[in-house]
Every structure is written in structure tokens, then in C-alpha cells.
Amino acid sequence: MTTHEAVSGPLRGLRVLELAGLGPAPFCAMLLADMGADVVCVERLSSRRVGLELLNRGKRSIVLDLKSDRETALRLVEQADVLIEGFRPGVAERLGIGPDVCLQRNPRLVYGRMTGWGQDGPRAQTAGHDITYIAVTGALHAIGTSETPVVPLNLLGDFGGGALYLATGILAALWEARSSGVGQVVDAAIVDGAAHLMTMQWSMLAGGAWQDRRASNLLDGGAAFYRVYETSDGRHVAVGPLERQFFAEFMERLGLDPSTEDLAERLEHTFKTRTRDEWAAAFADGDACVAPVLSMREAPQNDHLAARGTFLELDGVTQPAPAPRFSRTPSSVDRRPPEPGEHTAEILAEWSTPTCPAE
């Protein structure tokens, strides 16, 4: 039994060829690997990793020089169901592994492309990062205090608007190919995905229920009952009792009159009378929608997350468990991130490529 045959998950048997990159493309490939796909990451001869690359968990690694060993790469393409690349527009074409060439070699291939700006448009050839992509979509402007936008890590652009949309597009294209027998290109641009994630806010804006300025709306900290409050120990709790009945319970547990004026000021004062964990315990058994704001190191110890197994430990490293969950074909993480080229000979033998590059 080969390594990948031991992997479980609903995508078991799916062959994915990932051309190594950074951020959203590797995360997309990791999602597919978590769900059982056999993901082969093609890395350069000079690949060097900084720290532990959890985005490569569940994958196998092969080293190829795409410039000098293009034919071997194309033989791998012939055996793949999906190819994922995150180069700037035109780079894959210049390397001779663009979609036209690959689809000619493998007409059923789903060719996934991950970029920030997209394959075309005035800025397509320019550099960028999560923060610049979400800046132009209206998303960054909407997040933060009334004084300044706040950077939401690189979750909203790279991973929410990028990787998750690429994964969805790939799975949709695979479904369509089942009936048509023909693959296609999936063009996932972070600017498109980040804009699409804001659909509800655009709906509220069109309906007059959203103001185009920060900290003025129901879900951006503008409402006293949907924001973060500091506690007596300098930590914080998140408060979100939006519905009438939840708000009533929230105020009752705090001992406050629901018609209290200057609610935000009263809540600021009230929450500073106890520690974060005291407030968490006080609200843990009800529907008042109050939760402690936990750090990354604290989160795995949360009683609910621990009971669900939201985090796992592999080779002594704590990391998020696969999501979502499947009732009959559960996902798993059984393989640590590989060293560059660790599986070169194994993959070339399995995928029926007769030549082996120099390592």
C-alpha cells in the first residue's frame, strides 16, 4: 500500500498537482488534501522552507525544474485531475505549462489559477498582498474603528476570498466534467472573492440599512450590543445578542434595565467589574451570546472546541483539524508536511512517468 492510499476522506482517489507557491494556493490544496485528495506539490530544486509549513500537511512533495524538465511535468499533468498554480498571469504560459498546453495533454483537467488581481485588468501584472486586494473592494474600509481601518490578518483576502473560492470553483468544475467529459480553467482572483463575501453588506447598503462608514452599523461595532468589551484583567469578551430575546436575557444577567440610556458606556463600566473568565462562566449556559476573546494558544483548551476536536496535535504540533466534517467519509490529517522532494521517486513511479530528474 502506498502512502496516499491510506488516506481517508470524500476526495480519496482525486489526483491534484500543485505548483508550489505561497498563501492561498497552498491553502486550497491543503483543503483538498484534508478531504482525502492525493496532492502532489511540485517544488523547485532550490526550495527552502522557513519554519513548519502546515499548509503542506497531507501532501507529497516532488522536486522538478519546470524550465528544464517541462516534459516530466506534463506527464504528471496527464495523470492529474486538477492542477493548481498561483503564478502571476502569463508565467505558467512562459514555462510551457499554461492551460492551453495542459488541457491539450489532458482534456478532462481542471486547471485552477489563483491570483490577487485576476488574469486580466489594469493591475493584473502588478504585485499585491491581501491588504491591497481587500482595500479596493470596500472590505477593508468597512472593518475597524471610526478613526481607522483595522487589518483583519490575511483571512479575508488570501484565504476567504482566495483559497476558499478556488476550492469551490475546482469542485464545481469537477462536477461539471463528470457529464461533459471536458475540463476547464478556474480563474480565482482575491479581489473577486473578497467583493463577493460582502454580498450581505451590499444588500443592506442598497436597502438603506447600512451606512458606508465604519462603526456605524449593526455588525461593525456601531451597536453597543455587538462589539468587544474590556474586562477587569485587561482581557476582553465578545458580545452579540442581536435578537430581542437574546438581548433581554443578556440585560437580565447583567442586572441592567433594557431601556438603559448610554448603553455602551454602561456596558463598558459593567464588564470592567469582573475578569474575562468570570464573565465567560457567568454566560456559558445561556443564549445571551457572550464569549471570551481567546488567544491562539488559549483556543485549543476551550471546553467546547476541545470536546469537538476542533484542534488536533500531530508530531507534537497543535493545528486546526480539517473542516467541514463528513458523516461517512471523514477527513483526517495523517501525514506531516513533507521535506522538498521527499517523494520524488515514489510519485514518478506511481504516476507512470518514465524519466526521473536529477535531484
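Going by the structure above, here's the rest.
Residues numbered from 1 in each chain as written. Predicted model: local features only at pLDDT ≥ 70, side-chain atom pairs only at ≥ 80, totals over all residues. Heavy atoms only, no water.

Q: In this structure, what is going on with the packing of helix α6 (residues 155-180) against helix α7 (residues 190-197)? I would like to understand it.
A: Between two packed helices, what matters for the description is the angle formed by their axes and the separation of those axes. Axis separation between α6 and α7 bottoms out at 8 Å; the angle between their running directions is 100°. Put simply, α6 runs roughly perpendicular to α7. In this structure, α6 contributes L156, G157, D158, G160, G161, G162 and Y165 to the contact, and α7 contributes I190, G193, A194, H196 and L197. Of the residues in the contact of α6 with α7, the class split is five nonpolar, six polar and one charged. (Axes fitted to C-alpha atoms, helices over the stretch in contact; angles between N-to-C directions. Helix = DSSP H or I, 4+ residues; strand = E, 2+ residues; numbered from the N terminus. Parallel < 35°, antiparallel > 145°, perpendicular 65-115°, else oblique. Contact = heavy atoms within 4.5 Å. Nonpolar A, V, L, I, M, F, W, Y, C, P; charged D, E, K, R; others polar.)

Q: Got a minute to help me understand the packing of aromatic side chains in this structure?
A: Aromatic rings considered in pairs are described by the distance between their centres and by the relative angle of their planes. Throughout the structure, instances matching the rule amount to nine aromatic pairs. The ring of W279 carries the charged tip of R274 above its face, separated from the ring centre by 4.6 Å. (Phe/Tyr/Trp six-rings, centres within 6.5 Å; stacked < 30°, edge-to-face > 60°. Lys NZ or Arg CZ within 6 Å of the ring centre and 35° of its normal.)

Q: Hey, could you run me through the sheet that holds strand β8 (residues 236-239) in this one?
A: Pairing between the strands of a sheet is mediated by backbone hydrogen bonds and can be parallel or antiparallel. Reading across from one edge, β7-β8-β9 is the order of the three strands in this open sheet, with antiparallel pairing throughout. Strand pairing shows two members of the sheet lacking a second neighbour, β7 (227-230) and β9 (290-292), which therefore form its edges. On average, adjacent strands in this sheet sit at an angle of 30° to one another, irrespective of strand direction. Examined bridge by bridge, β8 and β9 share three bridges and lie antiparallel to one another. Pairing of V239 across the sheet is with V290, part of β9. (Pairing = 2+ DSSP bridges.)

Q: Help me understand the sheet that holds strand β3 (residues 60-63), please; the structure alone is not making it clear to me.
A: Taking strand neighbours across the sheet as the criterion, the six strands line up as β3-β2-β1-β4-β5-β6 in an open arrangement whose pairing is parallel. Each edge of the open sheet is held by one strand with a lone partner, namely β3 and β6 (184-189). If you compare each strand with its neighbour and ignore which way they point, the axes differ by 20° on average. Pairing geometry for strand β2 (residues 38-43) and β3, over four bridges, is parallel.

Q: Would you mind showing me how to read the pattern of salt bridges here?
A: Pairing between side chains becomes possible if they bear opposite charge and their charged atoms approach one another. Counting across every chain of the model gives 17 salt bridges. Where R113 meets E93, a salt bridge forms, and the shortest distance between an N and an O atom there is 3.0 Å. Of this pair, R113 sits in strand β5 (residues 110-115) while E93 sits in helix α3 (residues 91-94), and the two are 20 residues apart along the sequence. Among the ionic pairs, R235 bridges to E298, the shortest N-O distance being 3.7 Å. Of this pair, R235 sits in the loop between β7 and β8 while E298 is found in the loop between β9 and α12 (303-308), placing the two residues 63 residues apart along the sequence. Classification of E298 as partly exposed rests on a relative accessible area of 24%. By sharing partners, the salt bridges in this structure join D38, R60, E346 and E350 into a single network. (Salt bridge = Lys/Arg side-chain N within 4 Å of Asp/Glu carboxyl O. Buried < 20%, exposed > 50% of the residue type's maximum accessible area, 1.4 Å probe, protein only.)

Q: Explain unusual backbone geometry to me, please; I cannot follow it from the model alone.
A: Most peptide bonds adopt trans geometry, and most residues besides glycine take a negative phi value. With an omega of -5°, the peptide bond between A323 and P324 qualifies as cis. In this structure, C289 is a non-glycine residue whose phi angle is positive, near 60°. Looking at the element boundaries, C289 is found in the loop between α11 (276-283) and β9. The class for C289 is partly exposed, based on a relative accessible area of 36%.

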